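Listed here are the chains, written in short residue letters.
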There are 2 protein chains.
Amino acid sequence: MALEHAILVSLLEQPGSGYELAHRFDRSIGRFWTATHQQIYRVLGRMGADGWITAEQVDQRGRPDKRRWSVTDPGRAVLTDWLREEVQPEAVRHELAVKVRGAAFTDRAGQVALLVEVARYRADHEAVLARYLAGERRDFPGTVPADDRAALQHVVLRGGIAYERMVLAWLDDVLATLRGLDH
Amino acid sequence: MALEHAILVSLLEQPGSGYELAHRFDRSIGRFWTATHQQIYRVLGRMGADGWITAEQVDQRGRPDKRRWSVTDPGRAVLTDWLREEVQPEAVRHELAVKVRGAAFTDRAGQVALLVEVARYRADHEAVLARYLAGERRDFPGTVPADDRAALQHVVLRGGIAYERMVLAWLDDVLATLRGLDH
DNA sequence: TCCTGCTATGCAACGAGTTGCACAGCAAGG
DNA sequence: CCTTGCTGTGCAACTCGTTGCATAGCAGGA
């Protein structure tokens, strides 16, 4: 379990409310660690009780007050310790791979339906790649990184870009294979 | 939720016991859908109660009896229906990406420790790739697939191979970035 | 004016998945 | 002979994550 750690990193990069965190998880960090707002609020409460983070009340005109969370020294120590732990093997859950193998056990119409669905899925990933590339142009225009933080954020983004490119190429392979099945 | 469906596909490819399924999930299917044996037994029980699969008692000399599960017609229909559903976006949980961004908030010693850990992690993925390539040479030696099932299994395996190659290249990028941090 | 949507926080219930443990017999090696 | 390891099944407790729902004020468009 590491939602806590993803939140610590996100709050160190920029303090913010639960609501803001939920949105960041939809955009930046969330590409590598997803979470819903309900889960984030619950974990924030626990982390606050454990003293890893503290909240500061921020009054806002015309909007509900928010609680801006930031990381405490004990919270920072928790993160440092976690960084030294072994990286766990990822728990892979690739639904599409299961469906592709399952396509051997359905009829021709089912295979065609899957083909259409794969094409739609491919378009989604193409959009994600375009978003990553736009983000890269915006946030990392130069060749030399501004500082350590930027260099590390950039290499993670490059990982996302490489992943999406690999997925697109594989989906083309899948589409060609589905088209080439006996019929 | 789709462990049920992964089990249906695996049992259609080859009927077997819970124990055998757990091992397949460690090897073949498990590269794309992980599960522990406890979870598999529980889900097999539910699927049996729902009539998706049936068990046949197999007596074995010198070993505990086992229950060989196979898919029923209703189970096959469940799989067919599921194949027609939308592919859900994957819930990404990439611990290493979080750690890499977190490396901006630790000291030099912590960054070096992470570098060592990334190198170890890279060796694991190199071993996985070698296993995939060996499996490909063994199971798909020819250029023309034997049948639909083989063609689909092969394209999924090619996806695993492409994924591992992408990961290795990205890890090299990460290692270079960690080495190049200010110090 | 009314409806939709955004900011902002949170509870309750459920389902999925992990961890720890238990039992039982056989095979193989030190 | 004893220990380790494999085959085989399963329960119980717990944590993690999702889904549905609730509240509340303001902004903006039809």
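Residues numbered from 1 in each chain as written. Chains lettered and ligands numbered in written order. Predicted model: local features only at pLDDT ≥ 70, side-chain atom pairs only at ≥ 80, totals over all residues. Heavy atoms only, no water.

**Q** Just checking my understanding: could you explain the overall build of chain A for this structure?
**A** The secondary structure content of chain A amounts to 7 helices and 2 strands. When the helices and strands of chain A are read in sequence order from the N terminus, they spell out α-α-α-β-β-α-α-α-α. Against the 2.2 N^0.38 benchmark of 16 Å for 183 residues, chain A shows a C-alpha radius of gyration of 21 Å, more extended than a compact globule. Buried positions account for 48% of the 183 residues belonging to chain A. Sequence separation of at least 24 residues holds for 58% of the intrachain contacts in chain A that already meet a minimum separation of 6. Within the structure as shown, chain A displays about 9400 Å² of accessible surface, and the carbon and sulfur contribution to it stands at 52%. (Helix = DSSP H or I, 4+ residues; strand = E, 2+ residues; numbered from the N terminus. Rg over C-alpha atoms; globule rule 2.2 N^0.38 Å. Buried < 20%, exposed > 50% of the residue type's maximum accessible area, 1.4 Å probe, protein only. Contact = heavy atoms within 4.5 Å. Areas by Shrake-Rupley, 256 points an atom, 1.4 Å probe, with all protein chains shown as cover.)

**Q** What am I meant to see in the layout of surface pockets here?
**A** Here the idea is plain: a probe the size of a water molecule rolls over the atoms and shows the empty space left. Counted as a void, the second largest pocket has a volume near 560 Å³. Together, 22 residues line the second largest pocket, and A:R27, A:S28, A:R138, A:D139 and B:R101 are the ones closest to its centre. Elements represented by at least two residues in the lining of the second largest pocket include exactly α1 (3–13), α2 (18–26), α6 (108–139) and α7 (148–179) of chain A. Residue composition of the lining of the second largest pocket, grouped by class: 6 nonpolar, 6 polar and 10 charged. Here the lining of the second largest pocket gathers at least three residues from each of two domains, domain 1 (3–83) and domain 2 (95–180) of chain A. (1 Å grid on protein atoms, 1.4 Å probe; cavity = no way out; pocket = protein on both sides within 12 Å on 5 of 7 lines; lining within 4 Å. Points joined across faces, edges and corners; volume = space filled by probe spheres on them. Nonpolar A, V, L, I, M, F, W, Y, C, P; charged D, E, K, R; others polar. Domains from an automatic or database assignment.)

**Q** How should the interface of chain A and chain B be read in this particular structure?
**A** Accessible area lost during the coming together of the parts is what is often quoted as the interface size. Taken together, the contacts link 66 residues of chain A with 66 residues of chain B. Roughly 6600 Å² of surface becomes buried between chain A and chain B when both sides are summed, with 63% attributable to carbon and sulfur atoms. On the chain A side of the interface with chain B, the three residues burying the most area are A:V87, A:R101 and A:F105, jointly 14% of the side's total. Between A:E13 and B:R101 there is a salt bridge, with the nearest N and O atoms lying 2.8 Å from each other. Connecting chain A to chain B are 25 residue pairs in polar contact (both at pLDDT 80 or more). For the side of chain A that touches chain B, the secondary structure elements donating two or more residues are α1, α4 (73–84), α5 (95–102), α6 and α7 of chain A. Looking at which element gives the most residues to the side of chain A that touches chain B, the answer is α7(A), with 17 residues. A class-by-class count of the residues in the side of chain A that touches chain B yields 34 nonpolar, 13 polar and 19 charged. (Buried area = accessible area lost by both parts, 1.4 Å probe. Salt bridge = Lys/Arg side-chain N within 4 Å of Asp/Glu carboxyl O. Polar contact = N/O pair within 3.5 Å; in protein donor to acceptor, adjacent residues only side chain to side chain.)

**Q** Just checking my understanding: could you explain the packing of α2(A) against helix α3 (residues 37–49) of chain A for this structure?
**A** Working note: a packed helix pair is described by the angle between its axes plus the distance between those axes. All names here are of chain A. Across the interface, α2 lies against α3 with an axial gap of 9 Å and an inter-helix angle of 130 degrees. Judged by the inter-axis angle, α2 sits oblique to α3. Like other packed secondary-structure pairs, α2 and α3 cross with a definite hand, here right-handed. In contact with G18, Y19, L21, A22 and F25 of α2, α3 contributes H37, I40, Y41 and L44. (Axes fitted to C-alpha atoms, helices over the stretch in contact; angles between N-to-C directions. Parallel < 35°, antiparallel > 145°, perpendicular 65-115°, else oblique. Left-handed = near helix turned anticlockwise from the far one by under 90°.)

**Q** Just to check I follow, could you spell out the side chain of B:D148 for this structure?
**A** Summarising the element assignment, B:D148 is placed in helix α7 (residues 148–179). Of the side chains bearing the opposite charge, A:R108 lies closest to the buried B:D148, which forms no salt bridge; the N-O distance is 6.3 Å. Setting aside its immediate chain neighbours within four residues, B:D148 contacts A:Q111, A:L181 and A:D182. (Lys, Arg positive; Asp, Glu negative; His and termini not counted.)

**Q** Help me understand the pattern of salt bridges in this model?
**A** Close approach of charged atoms lets side chains of opposite charge pair. Residues and elements named next belong to chain B. Evaluated as defined, the whole model comprises 22 salt bridges over all chains. With a shortest N-O distance of 2.6 Å, R120 and E117 are connected by a salt bridge. Of this pair, R120 and E117 both sit in helix α6 (residues 108–139), 3 residues apart, roughly one helical turn. According to the relative accessible area criterion, R120 is partly exposed, its value standing at 27%.

**Q** How should the relation of the copies chain A and chain B be read in this particular structure?
**A** Two copies of one chain are present, and they are related through a rotation about an axis combined with an axial shift. Least-squares fitting of chain A to chain B yields an RMSD of 0.1 Å, with the superposition described by an axial translation of 0.0 Å and a rotation of 180 degrees. Within this description, the copies of the chain are treated as partners about a two-fold rotation axis. Proximity to the rotation axis, assessed at the C-alpha, singles out A:M166 in chain A; its C-alpha lies 3.5 Å from the axis. Of all interface residues in chain A, 100% are interface residues in chain B too; the two copies therefore contact each other through one and the same surface. (Least-squares fit on C-alpha atoms with pLDDT ≥ 70 in both.)

**Q** Would you take a moment to explain the domain arrangement of chain A for this structure?
**A** Residue and element names in this part refer to chain A. Splitting chain A by domain gives domain 1 (3–83) and domain 2 (95–180). Computed over C-alpha atoms, the centres of domain 1 and domain 2 are 28 Å apart. Taken together, the contact pairs 4 residues of domain 1 with 7 residues of domain 2. Roughly 480 Å² of surface becomes buried between domain 1 and domain 2 when both sides are summed, with 50% attributable to carbon and sulfur atoms. Of all residues in domain 1, the largest losses of buried area upon contact with domain 2 belong to E13, R31 and F32, amounting jointly to 95% of the total for that side.

**Q** What is the right way to look at the packing of aromatic side chains in this model?
**A** By convention here, two paired aromatic rings are described through the distance between centres and the angle between planes. This structure, assessed with the given rule, holds 1 aromatic pair over all chains. Residues A:Y163 and B:Y163 carry aromatic rings whose centres are separated by 6.4 Å and whose planes lie at 90 degrees to one another, so their mutual orientation is edge-to-face. Taken together, the residues A:Y163 in helix α7 and B:Y163 in helix α7 connect one chain to another. A residue is classified by how much of its surface remains accessible, and A:Y163, at 24% relative accessible area, is partly exposed. In this structure, A:K99 is placed above the aromatic ring of B:W82, and the distance from its NZ or CZ to the ring centre is 4.8 Å. (Phe/Tyr/Trp six-rings, centres within 6.5 Å; stacked < 30°, edge-to-face > 60°. Lys NZ or Arg CZ within 6 Å of the ring centre and 35° of its normal.)

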